[in-house]
Amino acid sequence: MTPSDVTADLRPIRDRIARRNAGHPACLRVVDEVLDSLAVALPHHPDWREHHLIERICEPERQLIFRVPWTDDDGVVQVNRGFRVQFSSALGPYKGGLRFHPSVTLDTVSFLAFEQVLKNALTGMALGAGKGGADFDPKGRSEAEVMRFCQSFMTELHRHLGASTDVPAGDIGVGEREIGWLFGQYKRITGRTESGVLTGKGLDWGGSHVRKEATGFGLVYFAEAMLAERDRSLDGATCVVSGSGNVALHTIAKLQALGATVVACSDSRGTIHDPDGLDLDRLVEIKEVRRGRASEYVDASRGRAEWLEGATPWHLRCDAAFPCATQNELHGDDARALIENGVVLVAEGANMPCTADAVRALVEAGVAYGPGKAANAGGVATSALEMQQNAGRDAWSFETTDRRLREVMDGVHRRCLEAADELGRPGDLLLGANVAGFRTVARATVALGAV
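Quick caveat: nothing in here was measured; it's all calculated off a predicted structure. (Residues numbered from 1 in each chain as written. Predicted model: local features only at pLDDT ≥ 70, side-chain atom pairs only at ≥ 80, totals over all residues. Heavy atoms only, no water.)

So, about the nonpolar core. Of all hydrophobic cores here, the largest spans 61 residues; its most connected members are C239, L255, I272, F322 and L345. For this core, the element with the highest residue contribution is helix 8 (residues 214-228), accounting for nine residues. Contact partners of F322, with chain neighbours within four places excluded, come to L219, A223, L234, C239, V240, V241, S242, T251, L255, W314, L345 and A347. Counting residues in hydrophobic clusters, the runner-up holds 42 residues, among them W48, V104, L106 and A442. (Core = buried A, V, L, I, M, F, W, Y, C linked by side-chain atoms within 4.5 Å. Buried < 20%, exposed > 50% of the residue type's maximum accessible area, 1.4 Å probe, protein only. Helix = DSSP H or I, 4+ residues; strand = E, 2+ residues; numbered from the N terminus. Contact = heavy atoms within 4.5 Å.)

Shown next, in the form of structure tokens:
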């Protein structure tokens, strides 16, 4: 999406947002995408203009930037920059992950937080939205260094958190290990065992079954619902997945459980192509146990699989594609290659992995497209289920939590579908997700007054 694509009716609003967020291209891209959808719905919602709701909801409530000093193993003091964008509390406490990666900037966190506003609203749960992180790279660092960084990060951030205020979770570079160190420091500083202040915890100390699997499982449940609208299923489908981290691995696991054959996954260096279907146990051992590179899979396959150096999975033949790595990883040319190879569904496990050009190509070709703000909502939905269990000092079984997750994802799909139908664009899940999510936040914003 470019500024010229935004309807003239909303151009002044877009220009004002652009001036306030100069130098933040990722944030502006997601704003443009949402405004393009809202322009379709605006004639049906005159109150949005009357109450200046677009301007209000597109402006974050609070942006925090802070220094994170920590000492490395050589005794040298290092300094990173930390962020937390508390975008909207209209529906509940701020909720969204923390990302530790050298690419993290205020722009990154702001775009993720704005996406989170609509995503959390789509779940139907009482969740506001935020996102945070730091430009710290945990790769190559010792456990002691990562722990000291987490403790320093939480020393600053803790004053802005609380089970009814702001509840972070993990994201790229922040898994159960890091959540444990963050939670331990929060307890140490506050003197409170406030289990609901962080999600993604271990099962022995307040965590929830299915939290680790949730984004990947939820993505596949959403894809199932998408295909059901076309009288198709995942059973027997050939699939490709980008990434080989937590989301990708659990996407592969659920796809295989439902009868699909996953022939490829990737990392930042290239792609594994295994025509007979990936060996999930081997992948998990390499990526989660040994924290190795994806290319090691091919070395152990005895010629069955091939390593495609520097390549993505998007040029392989498949029925369904699941970008699960990072933003802007699937470009227009990739989308056109998928289309030529017969893809019928693309569902986003990462946040905004398809570029605007790619989305346009997929939609124009009639490919079922599941935007990340809807398709990958399973992670935050299960975080909310973890919060429920913490509030009741309860612990649900894996089966109970997984059933609740499927119900939430079916509800997300239904809300997107119904909103698109109401606007005369049946099947347009991107339009449906943007409008349904915004409409929910808008109603709450009006009810709460000018705050």
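With that settled, the discussion passes to the packing of helix 12 (residues 332-340) against helix 13 (residues 356-364). Helix-helix packing is characterised by the crossing angle of the two axes and by the distance between the axes. Their axes nearest at 7 Å, the elements helix 12 and helix 13 cross at an angle of 25 degrees. With respect to their mutual orientation, helix 12 and helix 13 come out roughly parallel. Here helix 12 and helix 13 pass one another in a crossing that is right-handed. Contact residues: G332, A335, R336 and I339 in helix 12; D357, A358, A361 and L362 in helix 13. Partitioning the contact of helix 12 with helix 13 into residue classes produces five nonpolar, one polar and two charged. (Axes fitted to C-alpha atoms, helices over the stretch in contact; angles between N-to-C directions. Parallel < 35°, antiparallel > 145°, perpendicular 65-115°, else oblique. Left-handed = near helix turned anticlockwise from the far one by under 90°. Nonpolar A, V, L, I, M, F, W, Y, C, P; charged D, E, K, R; others polar.)

Tracing the sequence through the fold places D334 in helix 12. Within the buried set, D334 has no salt-bridge partner at all; the shortest N-O distance to an opposite charge, 8.8 Å, is to R336. (Lys, Arg positive; Asp, Glu negative; His and termini not counted. Salt bridge = Lys/Arg side-chain N within 4 Å of Asp/Glu carboxyl O.)

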